[in-house]
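# Geometric and topological summary
Chain by chain, the residues run as shown.
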Amino acid sequence: MAIWAGHGEEGDDAPFNKGSHTVLRRAAPGSLEQAVLEVLWDHGGWLTPGEVHERLDGAHPLGYTTVMTVLVRLWRKGRLERQKAGRAFAYRPSSSREQSVAERMEAILAAAADRPTALGHFVERLDAAERAQLQRLLGARRKP
């Protein structure tokens, strides 16, 4: 008997035996959703749950119904669009990978007690090319 629990840190997704069944290590919160989104972003179009399941199968030992559940949860959260595809639904992300990253960055920044200081620490970690790009973007936003 195998109990799926996903993957954790690099190299930490191997199953181990515990008594009469195999246990896989616990996944980080949101990692299943992220893995499904990555498949959809990489494909760039509409995929059915079966197609998502096939693409995840090698790296993530998930059941088909688990994939369906994750897709429906992401759709309910507004992260995916869906349309009828025969007897099933097909899904695609409602935003790009880059838009999703920007949303997560904003949520993390919003959690800071001192937002300007947190933003300053972030900018300090950027390399020179990234800082120059940020300055160009900010300059372009100021122009009417």
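In this text the structure is predicted, and so the values were computed from the model without any measurement.

### Some points on the packing of aromatic side chains
Applying the stated rule across the entire model yields 0 aromatic pairs. Its guanidinium or amino end placed over the ring of Phe-89, Arg-82 lies 3.8 Å from that ring's centre, counting from NZ or CZ. Of note, Lys-84 hangs over the ring of Phe-89, and the distance from its end group to the ring centre comes to 4.7 Å.

### Comments concerning the pattern of salt bridges
Note that side chains of opposite charge can pair when their charged atoms are close. Summed over all chains, the structure comprises 5 salt bridges. Two residues, Asp-42 and Arg-97, come together in a salt bridge whose shortest N-O distance is 2.6 Å. Taken together, the residues Asp-42 in helix 1 (residues 31–43) and Arg-97 in helix 4 (residues 97–110) connect sequence positions 55 residues apart. Of the charged contacts in the structure, one is a salt bridge between Glu-81 and Arg-92, with a shortest N-O distance of 2.8 Å. In this pair, Glu-81 is assigned in strand 4 (residues 80–85) and Arg-92 in strand 5 (residues 88–93), connecting sequence segments 11 residues apart. The exposure class of Arg-92 is partly exposed, given its relative accessible area of 33%.

### Description of the nonpolar core
One recurring pattern in soluble globular proteins: nonpolar side chains tend to sit buried together. Val-36, Leu-40, Val-52, Leu-56, Leu-71 and Leu-80 are the most contacted members of the largest nonpolar core, which totals 17 residues. Listed by contribution, the elements that provide at least two residues to this core are helix 1, helix 2 (49–56) and helix 3 (64–76). If sequence neighbours within four positions are ignored, Leu-71 has contacts with Val-36, Leu-40, Pro-49, Val-52, Leu-80 and Tyr-91.

### Brief notes about the environment of Gly-86
Tracing the backbone shows Gly-86 in the loop between strand 4 and strand 5. Given the relative accessible area of 64%, Gly-86 is considered exposed.

### Details of a nonpolar patch on the surface
Together, Val-101, Met-105, Leu-119 and Phe-122 make up an exposed nonpolar region whose accessible area comes to about 320 Å². Of all elements in the fold, only helix 4 and helix 5 (115–124) reach the threshold of two or more residues within the nonpolar patch. Here Val-101 falls in the partly exposed class, since its relative accessible area comes to 33%.

### Some remarks on helix 1
Helix length check: helix 1, at 13 residues, gives a terminal C-alpha distance of 18 Å against a target of 18 Å (1.5 Å per residue), a fit within 8%. All of the buried residues along helix 1 are Ser-31, Leu-32, Glu-33, Ala-35, Val-36, Leu-37, Val-39, Leu-40 and Trp-41. Contacts made by the buried residues of helix 1 are with helix 2, helix 3, strand 4, strand 5 and helix 4. Positive phi appears at Gly-44, one or two residues downstream of helix 1, with a value of about 80°.

What counts as what
Starting from 1, residues in each chain are numbered consecutively following that chain's sequence as written. Totals for whole chains, interfaces and linings use all residues, but because this is a predicted model, local features are given only for residues with pLDDT of at least 70 and pairs of side-chain atoms are given and counted only at 80 or more. Just so you know, side-chain values use all the structure's heavy atoms and leave hydrogens and water out. The pairing test for Phe, Tyr and Trp rings, Trp by its six-membered ring, is centres within 6.5 Å, and the orientation test on the planes gives stacked under 30 degrees, edge-to-face over 60, and tilted for anything in between. Only Lys NZ and Arg CZ are tested; either one counts as a charge over a ring when it is within 6 Å of the ring centre and within 35 degrees of the ring normal. By definition, a salt bridge exists where a carboxyl oxygen of Asp or Glu is found within 4 Å of a side-chain nitrogen of Lys or Arg. In DSSP terms, a helix is any run of H or I states spanning at least four residues, a strand is any run of E spanning at least two, and both are numbered starting from the N terminus. Here's how the labels work: a residue is buried when its accessible area is under 20% of the maximum for its type, exposed when over 50%, partly exposed in between, all with a 1.4 Å probe on protein chains only. What makes a nonpolar core is a set of buried Ala, Val, Leu, Ile, Met, Phe, Trp, Tyr and Cys residues whose side-chain atoms join them at distances within 4.5 Å. Contact definition: two residues touch when any of their heavy atoms are within 4.5 Å. What makes a patch is a set of residues exposed beyond 30% relative accessible area and free of salt bridges, joined within 9 Å when like-charged and within 5 Å when nonpolar (Val, Leu, Ile, Met, Phe, Trp, Tyr). Calculation of accessible area relied on Shrake-Rupley with a 1.4 Å probe; when residues are assessed, cover is drawn exclusively from the protein chains displayed. Expected span of a helix: the number of residues minus one, times 1.5 Å.

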